[in-house]
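Given next are the chains, with one letter for each unit.
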Amino acid sequence: MSDGATVYIALSSARQMDIPGEMPTIERYTAARIHDVYRRSQRDDVGFRVLSGALGLLKAADPIALIDHSMHVENVAVVAHKIATQIDQQSIGALIVHTSRIEDNPRALIYLGCVQIAAGIAGGAVVEHRVITDAGW
């Protein structure tokens, strides 16, 4: 494993607080799966990020507006470079991406692939994929 911080990553969601203006990432998103990964990160004493297709890796306290955070295939290269920069700037050594089963959410592969590309660009960061099969995922 690489030196550097370990972070648990949840994929962004369309389920957001419908309130204008900016608010912390963890408050903006209402999807239970995001809060589940956040609680797991606190339990395991590791970092937490939400992977936004628009903004890259968001910390729980980062202020974000109500926008579409979906990952679009045509933007993967741009977002991967943004994430690679964040990996370097934040000294991230391991990115643990939490998703539901790929069979249930094939679009998760786009997010996972983007993180893997970013880790390759950054050099040295390790990517792990954890599949969560709990109800509601």
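Right, let's walk through the structure included here.

The rules we used
- Residues numbered from 1 in each chain as written.
- Predicted model: local features only at pLDDT ≥ 70, side-chain atom pairs only at ≥ 80, totals over all residues.
- Heavy atoms only, no water.
- Pairing = 2+ DSSP bridges.
- Helix = DSSP H or I, 4+ residues; strand = E, 2+ residues; numbered from the N terminus.
- Axes fitted to C-alpha atoms, helices over the stretch in contact; angles between N-to-C directions.
- Contact = heavy atoms within 4.5 Å.
- Buried < 20%, exposed > 50% of the residue type's maximum accessible area, 1.4 Å probe, protein only.
- Phe/Tyr/Trp six-rings, centres within 6.5 Å; stacked < 30°, edge-to-face > 60°.
- Expected span 1.5 Å × (residues − 1).
- Arc of directions from axis to C-beta.
- Core = buried A, V, L, I, M, F, W, Y, C linked by side-chain atoms within 4.5 Å.
- Salt bridge = Lys/Arg side-chain N within 4 Å of Asp/Glu carboxyl O.

**Description of the sheet that holds strand 1 (residues 5-11)**
Logical step 1: If you walk across this open sheet you meet the 5 strands as 4-3-1-6-7, and the pairing is mixed. Of all the strands in the sheet, the pair left with one neighbour each is strand 4 (56-58) and strand 7 (126-131). Across the sheet, the mean angle from the axis of one strand to that of its neighbour is 30°, orientation sign disregarded.
Logical step 2: Bridge count between strand 1 and strand 3 (residues 47-52): 5 bridges; the pairing is parallel. Among the inter-strand pairings, Ala10 is bridged to a residue of strand 3, identified as Val50.
Logical step 3: Where helix 2 (residues 32-43) meets the sheet, its contacts fall on strand 1, strand 3 and strand 6 (92-99), and the angle it forms with strand 1 comes to roughly 165°.

**Focus: the pairing of strand 1**
Walk down a regular strand and you will see the side chains alternate between the two sheet faces.
Logical step 1: In terms of burial, strand 1 is a largely internal element, 5 of the 7 residues being buried.
Logical step 2: Here 6 bridges tie strand 1 to strand 6, and the two strands are oriented parallel to one another. Each bridged residue has a counterpart across the sheet, and for Tyr8 the counterpart in strand 6 is Ile96.

**Notes on the packing of aromatic side chains**
Logical step 1: For the structure shown, the criterion picks out 1 aromatic pair.
Logical step 2: The interplanar angle of 70° and the centroid separation of 5.0 Å between the aromatic rings of Tyr38 and Phe48 together place this pair among those described as edge-to-face. Of this pair, Tyr38 sits in helix 2 while Phe48 sits in strand 3, and the two are 10 residues apart along the sequence.
Logical step 3: The exposure class of Tyr38 is partly exposed, given its relative accessible area of 23%.

**Here we look at helix 3 (residues 76-89)**
Logical step 1: Over its 14 residues, helix 3 runs 20 Å from end to end, which matches the ideal 20 Å to within 8%, given 1.5 Å per residue.
Logical step 2: Among all positions of helix 3, only Val76, Val79, Ala80, Ile83, Ala84, Gln86 and Ile87 are buried. The arc enclosing the buried residues of helix 3, seen along the axis, measures out at 160°, which places them on a common side. Residues of helix 3 that are exposed and point more than 90 degrees away from the buried face comprise Ala77, Val78 and Gln89.
Logical step 3: Buried residues belonging to helix 3 abut strand 3, strand 4, strand 6 and helix 4 (108-122).

**Description of helix 4**
Logical step 1: For helix 4, built from 15 residues, the straight-helix expectation of 21 Å at 1.5 Å per residue is met to within 8% by its first-to-last C-alpha distance of 21 Å.
Logical step 2: Taken residue by residue, helix 4 has Ala108, Ile110, Tyr111, Leu112, Gly113, Cys114, Val115, Ala118, Ala119 and Ala122 as its buried positions.
Logical step 3: Residues of helix 4 that are buried make contact with strand 1, strand 3, helix 3, strand 6 and strand 7.

**Things to note about the nonpolar core**
Logical step 1: Within the largest apolar cluster, 25 residues are counted, with the highest numbers of intra-cluster contacts made by Leu51, Met71, Ile83, Ile87 and Leu95.
Logical step 2: Contributions of two or more residues to this core are made by strand 1, helix 3, strand 6 and helix 4.
Logical step 3: Broken down by element, this core gets its largest block of residues, 9 residues, from helix 4.
Logical step 4: For Leu95, the residues in contact, after removing those within four places along its chain, are Val7, Ile9, Leu57, Ile87, Val115, Ala119, Ala125, Val126, Val127 and Glu128.

**Quick look at the pattern of salt bridges**
Logical step 1: In the structure shown here, the tally under the stated rule is 4 salt bridges.
Logical step 2: For Arg40, the salt bridge is made with Asp36, and the minimal N-O distance between the two is 3.1 Å. Residue Arg40 and its partner Asp36 are both found in helix 2; the two are separated by 4 residues, about one turn of the helix.
Logical step 3: By relative accessible area, which is 17% here, Arg40 ends up buried.
Logical step 4: Relative accessible area serves as the criterion here: at 16%, Asp36 is assigned to the buried category.
Logical step 5: For Asp104, the salt bridge identified is with Arg101, shortest N-O distance 3.0 Å.
Logical step 6: Assessed through its relative accessible area of 52%, Asp104 is described here as exposed.

Shape descriptors only; they carry no functional weight alone.
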